[in-house]
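Letter by letter, the chains look like this.
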Amino acid sequence: MGFVAPFVLAGLAALAIPVLIHLIQRERKRVVEFPSLMFLRRIPYQSVRRRRIRDWTLLAMRLAALALIVMAFARPFFKRDSLAAATQQGAREAVILVDRSYSMEYGDRWQRARTAARDAINGLGAGDRASLVFFSSGAEVAVRSSADRGRLDAGLAAAATGPGATRFAPALKLAASLLAESALPRREIILISDFQRRGWEQTPGRDDVKLPERTTLTPIDVASGETSNLSVTPVSLQRSRFENHDRIAVTAGLVNHSGSAVSSVPVSLDVDGKSIQSLPANVAPGGSSSVTFAPFTVASRNMRGTIRLPDDGLKRDNVFHFVVSPSEPVRVFAVGRAGAERQSLYLARALSIGEAPRVELVARTPASFSDADARQAAVVILNDVQTPDDLADRLARFVRDGGGLLIAAGPQATWPARLSDVVPALPGELIDRTTAAPSRLGALEYSHPVFELFRAPRSGDFAAARFYGYRATGPSTGQVLARFDDGTPALLERKTGAGRVLMWTSSLDLDWSDMPVKPVFLPFVHTLTKYLADYAEAPASLTVGQVIPAPRPAPGRAAAANRGGTVAIAPSGARVSVETEDGALELAEQGFYDVRTQGAGADTATALAANVDLSESDLAPLDPRELAAAVAGRPPGDVAGLSGPRPSDEAQAQAQRLWWYLLVAGGLLLAGETLLSNRLSQNGARVS
């Protein structure tokens, strides 16, 4: 203990004052009158009582009161070392983090983790509080800051492992936020895990983990001994066409996470619950291997395939699910002038090449394009045609319902001015560069999806194309995605309703440019088509924990606007409602999901395959001390906040305010002493 004003302690000398008062206190003499003193012998008077202290209690109270008051003015405080010791013995706020990733299913790890968590709960002292948090790729609070051991035990008993992968950072951030809300002097995180190295090294945001002051991180490792694990990897699907049917060859990979070779392990392929083929595989220690199955025909939508390995210590990564469907072509209607098929020659050849997506091109004239065509089309291309009013009205409805429209504004192209709010701009006057230097494409908006593919060097040279003619545009209401070198817009975009409109201000043949014979023409046309069709290849497999957007209405389908909500049926049978607009679905289970849109028909249902994160298959351990040092900057068990710069005496005294308690105690003693002395005086008077 220290004092801010130790010289005040000299006032303790005042303690002698009550003692002197007791010793020199004179008794009142009672006078006895005698008629004569001649018969009395003279005896010298000597007081014996004043030489001894009669009221020890009063004296002690007075001395204690004076001592407390003097010490209060000296402003005592506990020095920092003493404070740390006192803090160590105070109540504790604990957060018990329990890893429930699927690697905890290996051996007896989960049972050991539950035992360790139960020991931590039983170790709570009087006044301690604890939170119970389970984590894998995310973290979930099962019990928040409670001193009730029964609730904590019940929360622990209800827990089970899941398909998630280990991620330490979200769990530690949640624990830090729980501890920051506590006013208890001691704070502790008890981290129970098998401490996979990838759970820390591959965790995003691990540098942002900050623990509150005076927090102890206590890791408990439940992994032990050598491990061995054989897992599958994401499959590779090779699609081909045979007799107008899609065929898929599946290649499955295997990884051996052990120091022993694996030989002749059977790898099987199941499709829609039927065994297709089984092949043996050999895998070297710490190596990988693959097998390729014979192609099978994709006869229907949402065919469910599964690769299986024999069970081992970690079963979840021995299966891999995927979904395949026949490729659906993108229907593109090219509207050109009658008798001018040559204009669409390069466009048609470019669209006929490629399988991702496969394009089904239909040629029409302005007079033959019907409403039925609009309902079937995903993209309509107006290839340098004069657009009559009825066709423009039909295309306007098509775009507002979600369709994609490309206008190639060659020398003949027109668009009704009354529908100018549908297109990004109206075609303007002709710009002839045949008698001057040809124009070239200048500024391109590479951040746009149309040109993003060509962002990298040598991925497409637009500057090599020469343009001898193009159209100026009227006032633009859309976004300019590309310009010629004189600043004239070359490609514009406008989003109308649920659809998109792109305007190319030159032709798509060799009359006005040599771009159709340049290498960049084919990928450019395919990119335009995919963007307008809003085409995205459905993933064959997804990962547990992934969040996917709700299915969107198909482009060009007016009936889609009347669809209801979307429901996803999880592998366990649970139903999850998903908002059709701006909704999302989180894949929380391993297996196949059925996603259905109400009112859209059974043929529109979509199957999704969710697999565990295969990074969890690597059971390579992390030294818990390494993690603790990375998070707290000190070894496990050390307490933060008590080893920093020592605060001043004045600051410590001000923070502890011990003087206030001493002053109050002294005052109370003086009050009690006064009452006691009055009572003793009254009793003495009655006795006399």
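The rules behind these values
Residues numbered from 1 in each chain as written. Predicted model: local features only at pLDDT ≥ 70, side-chain atom pairs only at ≥ 80, totals over all residues. Heavy atoms only, no water. Helix = DSSP H or I, 4+ residues; strand = E, 2+ residues; numbered from the N terminus. Buried < 20%, exposed > 50% of the residue type's maximum accessible area, 1.4 Å probe, protein only. Areas by Shrake-Rupley, 256 points an atom, 1.4 Å probe, with all protein chains shown as cover. Patch = residues over 30% accessible without salt bridge, like charges linked within 9 Å, V, L, I, M, F, W, Y side chains within 5 Å. Salt bridge = Lys/Arg side-chain N within 4 Å of Asp/Glu carboxyl O. Contact = heavy atoms within 4.5 Å. Pairing = 2+ DSSP bridges. Right-handed = clockwise from strand over helix to strand, strands pointing away. Phe/Tyr/Trp six-rings, centres within 6.5 Å; stacked < 30°, edge-to-face > 60°. 1 Å grid on protein atoms, 1.4 Å probe; cavity = no way out; pocket = protein on both sides within 12 Å on 5 of 7 lines; lining within 4 Å. Points joined across faces, edges and corners; volume = space filled by probe spheres on them. Nonpolar A, V, L, I, M, F, W, Y, C, P; charged D, E, K, R; others polar. Axes fitted to C-alpha atoms, helices over the stretch in contact; angles between N-to-C directions. Parallel < 35°, antiparallel > 145°, perpendicular 65-115°, else oblique. Expected span 1.5 Å × (residues − 1). Arc of directions from axis to C-beta.

Engineer: Can you lay out the overall build of the protein for me, pointing to particular residues and giving the numbers?
Structural biologist: Helices and strands together make up the secondary structure of the protein, namely 15 helices and 32 strands. Residues classed as buried in the protein amount to 43% of the 688 residues present. When the accessible area of the protein is evaluated, it comes to approximately 34,900 Å², of which 53% is carbon and sulfur surface.

Engineer: I'd like a description of a nonpolar patch on the surface, backed by residues and values.
Structural biologist: Judged by side-chain polarity, Trp660, Tyr661, Val664 and Leu668 come together as a nonpolar surface patch covering roughly 440 Å² of accessible area. Relative to the assigned elements, Leu668 resides in helix α15 (residues 658-687). According to the relative accessible area criterion, Leu668 is exposed, its value standing at 60%.

Engineer: Before we move on, could you go through the side chain of Ser231 and cite the residues and values that matter?
Structural biologist: Counting through the fold element by element, Ser231 comes out in strand β8 (residues 230-242). Judged by its relative accessible area of 2%, Ser231 is buried. When sequence neighbours within four positions are dropped, the list of residues in contact with Ser231 reads Gly253, Leu254, Val255, His257, Leu309, Asp317, Asn318 and Ser617.

Engineer: Pulling in residues and values, what's your account of the pairing of strand β16 (residues 330-335)?
Structural biologist: Extensive coverage of β16 is indicated by the burial of five of its six residues. In terms of strand pairing, β16 meets strand β17 (residues 359-364) through six bridges, oriented parallel. Paired with Val335 across the strands is Arg364, a residue of β17. Handedness of the β16-helix α8 (residues 345-352)-β17 crossover: right-handed. Bridge analysis of β16 against strand β18 (residues 379-383) gives four bridges, and the strand direction is parallel. What sits directly across from Phe333, in β18, is Val380.

Engineer: Lay out the packing of aromatic side chains in plain terms, naming residues and giving numbers.
Structural biologist: A full pass over the atoms with the stated rule returns twelve aromatic pairs. For the pair Trp660 and Tyr661, a centre-to-centre distance of 5.3 Å together with 90° between the ring planes defines the contact as edge-to-face. Take Tyr661: its relative accessible area is 51%, and that puts it in the exposed class. Put simply, the rings of Phe451, Phe454, Phe462, Phe467, Tyr470, Phe484, Trp504 and Phe524 touch in pairs and so form one group of aromatic residues.

Engineer: Summarise empty space enclosed by the protein; cite the residues concerned and give the values.
Structural biologist: Applying the stated criterion across every chain, the model contains one cavity of 30 Å³ or more. For the lining of the largest cavity, the element with the most residues is helix α12 (residues 521-533), which contributes three residues. Broken down by class, the residue content of the lining of the largest cavity amounts to six nonpolar, no polar and no charged.

Engineer: So what's going on with the sheet that holds strand β15 (residues 319-324)? Which residues, and what values?
Structural biologist: The sheet built from four strands is open, its strands ordered β11-β10-β14-β15 with antiparallel pairing. The sheet is open, and its two edges are formed by β11 (274-283) and β15, each paired on a single side. Each strand of the sheet is rotated relative to its neighbour by a mean of 20°, with strand direction disregarded. Where strand β10 (residues 262-271) meets strand β14 (residues 303-308), four bridges bridge the pair, whose relative direction is antiparallel. Within the sheet, the bridge partner assigned to Leu269 lies in β14 and is Ile307.

Engineer: Describe in detail unusual backbone geometry, supporting the description with residues and values.
Structural biologist: Note: most peptide bonds trans; most residues except glycine with negative phi. With a phi angle near 50°, Phe195 is a residue other than glycine that sits in the positive phi range. For Phe195, the location among the structural elements is in the loop between β6 (186-193) and α7 (197-201). Owing to a relative accessible area of 0%, Phe195 belongs among the buried residues under this scheme. The backbone of Ser264 sits at a positive phi, close to 55°, despite the residue not being glycine. For Ser264, the location among the structural elements is in strand β10.

Engineer: I'd like a rundown of the packing of helix α4 (residues 109-122) against helix α5 (residues 149-157), residues and numbers included.
Structural biologist: Put simply, α4 and α5 touch, their axes get as near as 10 Å, and they point 175° apart. Here α4 lies roughly antiparallel to α5, going by the angle between them. Seen from α4, the contacting residues are Arg114, Ala117, Arg118, Ile121 and Asn122; seen from α5, they are Arg149, Leu152, Asp153, Leu156 and Ala157. Across the contact of α4 with α5, the residue classes tally to five nonpolar, one polar and four charged.

Engineer: For α4, give the residues involved together with the corresponding values.
Structural biologist: Taking 1.5 Å per residue as the helical rise, α4 with its 14 residues ought to reach 20 Å, and the 20 Å between its terminal C-alpha atoms agrees with that figure. Within the span of α4, buried status applies to Arg109, Trp110, Ala113, Arg114, Ala116, Ala117, Ala120 and Ile121. Along the axis of α4, the buried positions cluster into a sector of 165°, meaning they face one direction only. If you follow the buried residues of α4, they end up packed against β3 (92-99), β4 (129-135), α5, β6 and β7 (215-221).

Engineer: Report on the environment of Ala363, specifying residues and quantitative values.
Structural biologist: One can find Ala363 in strand β17. The class for Ala363 is exposed, based on a relative accessible area of 64%. For the pair Ala363 and Val335, spaced 28 residues apart in the sequence, the C-alpha separation amounts to 6.0 Å.

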